[in-house]
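What follows is the residue order along each chain.
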Amino acid sequence: MRERLTESDVKKIEAEIEHRKLVVRKEAIEAVKEARAQGDLSENFEYYAAKREKNSNESRIRYLENMLRSAIVISDSSKEDEVGINNLVELYMEDDDETETYKIVTSIRGNSLDGKISTESPLGKAVLGHKVNDRVYVEVSEKIGYYVVIRSINKNMDDTADNIRKF
């Protein structure tokens, strides 16, 4: 599946790749060398743990590089009065009689426990492009859904503190 990434997402992924190649890789190689120097490798837990950590880092680098190669870069801009990517949206949940606030993000940054919903989620898809006071139907499945009302949209979101979700 091709990930949909914003320019900001691409920059964060590139920064993580660079950090892993320049910092984490050197630390992992050094840890393997130190563990190997301890002697008998057949019973050396530290050696196997260091190798596993090194391989995990290399796997993450390959994963991120492949993601960037196949990604579709999308714009995070939207009309001033419409819900778009990186907007903070206050939603009134009619069924629960509660108001909740979410940040609309790309799928790799989605984390509902952290208040970030993906544009690929049912709620994210439903509210994207709508305006304040719009009543929107969120389809969860063919026969299940609920209504939300968009109460406010905050466009001035600082995106620098967000991290790419670790897989």
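The structure presented is a predicted model; accordingly, all values stated were derived computationally and were not measured.

A. Structural context of helix 1 (residues 7-36). With 30 residues, helix 1 should reach 44 Å at 1.5 Å per residue; the first-to-last C-alpha distance of 42 Å fits that figure. The sharpest bend along helix 1 reaches about 40° and sits at Arg20. Tucked inside the fold, the buried residues of helix 1 contact strand 1 (4-5), helix 2 (45-70) and strand 2 (72-73).

B. Here's a closer look at the packing of aromatic side chains. Evaluated as defined, the whole model comprises two aromatic pairs. Between the aromatic rings of Tyr47 and Tyr48, the centroid separation amounts to 5.4 Å while the plane-to-plane angle is 75°, which identifies the pairing as edge-to-face. Residue Tyr47 is classed as buried on the basis of its relative accessible area, which comes to 11%. Relative accessible area serves as the criterion here: at 42%, Tyr48 is assigned to the partly exposed category.

C. Representation of the sheet that holds strand 4 (residues 98-105) within the structure. Spatial strand order, 5-4-3-7-6: five strands in an open sheet with mixed pairing. Looking at the sheet topology across the chains shown, the edges are occupied by strand 5 (116-118) and strand 6 (135-139). On average, each strand axis in the sheet is tilted by 45° relative to the strand beside it, whichever way the strands run.

D. Spotlight on the nonpolar core. If you look at the biggest cluster of nonpolar residues, it comprises 15 residues, and the most contacted ones within it are Val83, Leu91, Leu123, Val127, Val148 and Ile150. Among the secondary structure elements, those contributing two or more residues to this core are strand 3 (88-93), strand 4, helix 3 (122-127), strand 6 and strand 7 (145-154). Leaving out residues up to four positions away in the same chain, Val83 has contacts with Ser78, Val89, Ile104, Val127, Leu128, Gly129, His130, Ile150 and Ile153. Listed in part, the nine residues of the second largest apolar core include Ile61, Leu64, Ala71 and Ile108.

E. Focus on the environment of Val23. Within the fold, Val23 resides in helix 1. On the accessibility criterion, Val23 (33% relative accessible area) is partly exposed. Measuring from C-alpha to C-alpha, the distance between Val23 and Val148 comes to 46 Å, with 125 residues separating the pair along the chain.

F. Quick look at the pattern of salt bridges. What the rule picks out here adds up to nine salt bridges. Notably, a salt bridge pairs Arg60 with Glu16, separated by 2.8 Å at the nearest N-O pair. Linking Arg60 in helix 2 with Glu16 in helix 1, this pair joins segments that are 44 residues apart in sequence. Both residues of the pair, Arg60 and Glu16, belong to the buried class. Note that Arg25 is salt-bridged to Glu58, the shortest N-O span being 2.8 Å. Of this pair, Arg25 sits in helix 1 while Glu58 sits in helix 2; the two residues are 33 residues apart in sequence, bridging distant segments of the chain.

G. Geometry of the side chain of Thr6. Along the chain, Thr6 falls in the loop between strand 1 and helix 1. Its relative accessible area of 0% is what places Thr6 among the buried residues. If sequence neighbours within four positions are ignored, Thr6 has contacts with Val73, Ile74, Asp76, Ile85, Thr106 and Arg109.

H. Summary view of the packing of helix 1 against helix 2. Interhelical geometry of helix 1 versus helix 2 gives an angle of 160° and a closest axis separation of 9 Å. Taken together, helix 1 and helix 2 sit at an angle that is classed as roughly antiparallel. Every pair of crossing elements has a handedness; the one defined by helix 1 and helix 2 is left-handed. Tallied by class, the residues present in the contact of helix 1 with helix 2 amount to 15 nonpolar, one polar and twelve charged.

Criteria and thresholds
Residues numbered from 1 in each chain as written. Predicted model: local features only at pLDDT ≥ 70, side-chain atom pairs only at ≥ 80, totals over all residues. Heavy atoms only, no water. Helix = DSSP H or I, 4+ residues; strand = E, 2+ residues; numbered from the N terminus. Expected span 1.5 Å × (residues − 1). Bend = angle between axes of the 7 residues up to and from the residue. Contact = heavy atoms within 4.5 Å. Phe/Tyr/Trp six-rings, centres within 6.5 Å; stacked < 30°, edge-to-face > 60°. Buried < 20%, exposed > 50% of the residue type's maximum accessible area, 1.4 Å probe, protein only. Pairing = 2+ DSSP bridges. Axes fitted to C-alpha atoms, helices over the stretch in contact; angles between N-to-C directions. Core = buried A, V, L, I, M, F, W, Y, C linked by side-chain atoms within 4.5 Å. Salt bridge = Lys/Arg side-chain N within 4 Å of Asp/Glu carboxyl O. Parallel < 35°, antiparallel > 145°, perpendicular 65-115°, else oblique. Left-handed = near helix turned anticlockwise from the far one by under 90°. Nonpolar A, V, L, I, M, F, W, Y, C, P; charged D, E, K, R; others polar.

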